[in-house]
Amino acid sequence: YRLQRLIPYNDDFIMATLPTTPKGTAKVQPNLGVKIKTIYYWSDHFRNPEIEQTQVPIRYDPFNAGVAYAFVKPQAESEGQWVECLSQYYAVFAHRSERELKLASAELRRQHQRHGQRFTVSAKTLASFLTSLEAEEVLAAQRLRDTENQTTLITFQEAFQLPSVDLPLGSADGDLDLTNLEIYGDF
């Protein structure tokens, strides 16, 4: 390890690496919040009249559609802050992945395409579909993959919160000791 190059895995790092929309900002709508891909997200910080109708930088969690983040900076303050925003229909969207929502939206469009209707997926129709048994059948495999990814992510987080400086194959000065390596064969 080069400890001087170690990047701490903290909230700042997570916020910097979360994805955003192509535009990167969203307009704060009064009493609705910010809209990210058909879903509105709300925070009580949006009640401030200085923030209403302004464009704010946004981030979303691809593994939890129930939560998004907005960078709120009132004019009176010199520094802003990232605030957590909860989605409308939070109980349904919480802990659902972005990929899961894409699959559900595609299934809804496919169902309405059979009837020859033009259909736009809204947060309300998506939430009602996700609570149905039909959605559970369609999304079961994706839920398993997402659960496995979350387990891997948690293991990764735990591994890098406490950096190890133990060099099992090296000598005390950090050079690699080639005498302890296993030889698998010639190529």
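Sequence order as written defines residue numbering, which begins from 1 separately in each chain. For a predicted model such as this one, the threshold for reporting local features is a pLDDT of at least 70, and the threshold for listing and counting side-chain atom pairs is 80 or more; totals across whole chains, interfaces and linings nevertheless cover every residue. Remark: hydrogens and water are excluded; side-chain values derive from all non-hydrogen atoms of the structure.

Focus on the side chain of glutamate 107
Part 1 of the argument: Only DSSP runs of H or I reaching four residues or more are called helices, and only runs of E reaching two or more are called strands; each is numbered from the N terminus. On the secondary structure map, glutamate 107 appears in helix α3 (residues 98-113).
Part 2 of the argument: Between buried and exposed lies partly exposed: a residue is buried under 20% and exposed over 50% of the maximum accessible area for its type, with that area taken using a 1.4 Å probe on protein chains only. For glutamate 107, a relative accessible area of 11% corresponds to the buried category.
Part 3 of the argument: Look past the residues within four positions of glutamate 107 in its chain and what remains in contact with it is Phe129, Glu134 and Val138. A contact between two residues is defined here by any heavy atoms of the two lying within 4.5 Å.

Some remarks on the nonpolar core
When a protein is soluble and globular, its nonpolar side chains tend to lie buried together.
Part 1 of the argument: The set of buried Ala, Val, Leu, Ile, Met, Phe, Trp, Tyr and Cys residues whose side-chain atoms join them within 4.5 Å is what this entry labels a nonpolar core. Core analysis: the largest hydrophobic core is formed by 30 residues, its most contacted members being Val34, Tyr41, Phe46, Ala70, Phe93, Leu126 and Leu130.
Part 2 of the argument: When residues in this core are grouped by element, the largest group, 5 residues, is from helix α4 (residues 123-130).
Part 3 of the argument: Excluding its chain neighbours within four sequence positions, the residues that come into contact with phenylalanine 46 are Val28, Gly33, Val34, Tyr41, Ile51, Glu52, Ala70, Val72 and Cys85.

Structural notes on the packing of aromatic side chains
Part 1 of the argument: Two aromatic rings from Phe, Tyr or Trp, using only the six-membered ring of Trp, form a pair when their centres are within 6.5 Å; if the ring planes differ by under 30 degrees the pair is stacked, by over 60 it is edge-to-face, and anything between is tilted. The final tally for this structure, using the stated rule, is 3 aromatic pairs.
Part 2 of the argument: Ring centres of phenylalanine 71 and tryptophan 82 lie 5.3 Å apart, and the angle between their planes is 65°; on these two criteria the pair is classed as edge-to-face. Of this pair, phenylalanine 71 sits in strand β5 (residues 67-72) while tryptophan 82 is found in strand β6 (residues 81-87), placing the two residues 11 residues apart along the sequence.
Part 3 of the argument: Note on phenylalanine 71: relative accessible area 26%, which makes it partly exposed.
Part 4 of the argument: Assessed through its relative accessible area of 31%, tryptophan 82 is described here as partly exposed.
Part 5 of the argument: On the basis of an interplanar angle of 85° and a centroid distance of 6.4 Å, the ring pair of tyrosine 89 and phenylalanine 93 is categorised as edge-to-face.

Topic: the sheet that holds β5
Part 1 of the argument: Strand order in this open sheet of 6 strands is β1-β4-β5-β6-β3-β2, and the pairing throughout is antiparallel. Single-partner strands in this sheet number two, and they are β1 (25-27) and β2 (34-36). Pairs of neighbouring strands in the sheet enclose a mean axial angle of 45°, with direction left out of account.
Part 2 of the argument: Here, a strand pair is defined by DSSP locating no fewer than two bridges between the strands. Where β5 lies against β6, 6 bridges are found, and the strand directions are antiparallel. Bridge pairing in β6 places tyrosine 69 opposite glutamate 84. All axes here are fitted lines through C-alpha atoms, helices being fitted over the stretch that makes contact, and every angle between N-to-C directions spans 0 to 180 degrees.

A closer look at α3
Note on helix geometry: an α-helix contains 3.6 residues per turn, so any two residues three or four positions apart are oriented the same way.
Part 1 of the argument: Over its 16 residues, α3 extends 22 Å from the first C-alpha to the last, a length consistent with the 22 Å expected when each residue adds 1.5 Å.
Part 2 of the argument: Among all positions in α3, only Glu100, Leu101, Ala104, Ser105, Glu107, Leu108 and Gln111 are buried. Seen end-on, α3 carries its buried residues on one side only, within an arc spanning 160°. Residues Arg99, Lys102 and Gln113 are exposed on α3 and point more than 90 degrees away from its buried face. To estimate how far a helix should reach, multiply one less than its number of residues by 1.5 Å. Here the arc refers to the set of directions running from the helix axis out to each C-beta atom.

Description of the pairing of strand β3 (residues 39-42)
A regular strand places its side chains so that they alternate between the two faces of the sheet.
Part 1 of the argument: In β3, alternate side chains face the same way, and those of Ile39 and Tyr41 are buried while those of Tyr40 and Trp42 on the opposite face are not.
Part 2 of the argument: Where β2 lies against β3, 3 bridges are found, and the strand directions are antiparallel. Paired with lysine 35 across the two strands is tyrosine 40, which belongs to β3.
Part 3 of the argument: Linking two consecutive strands that pair antiparallel, namely β2 and β3, is a turn of 2 residues; a positive phi of about 50° is found at lysine 37 within it.

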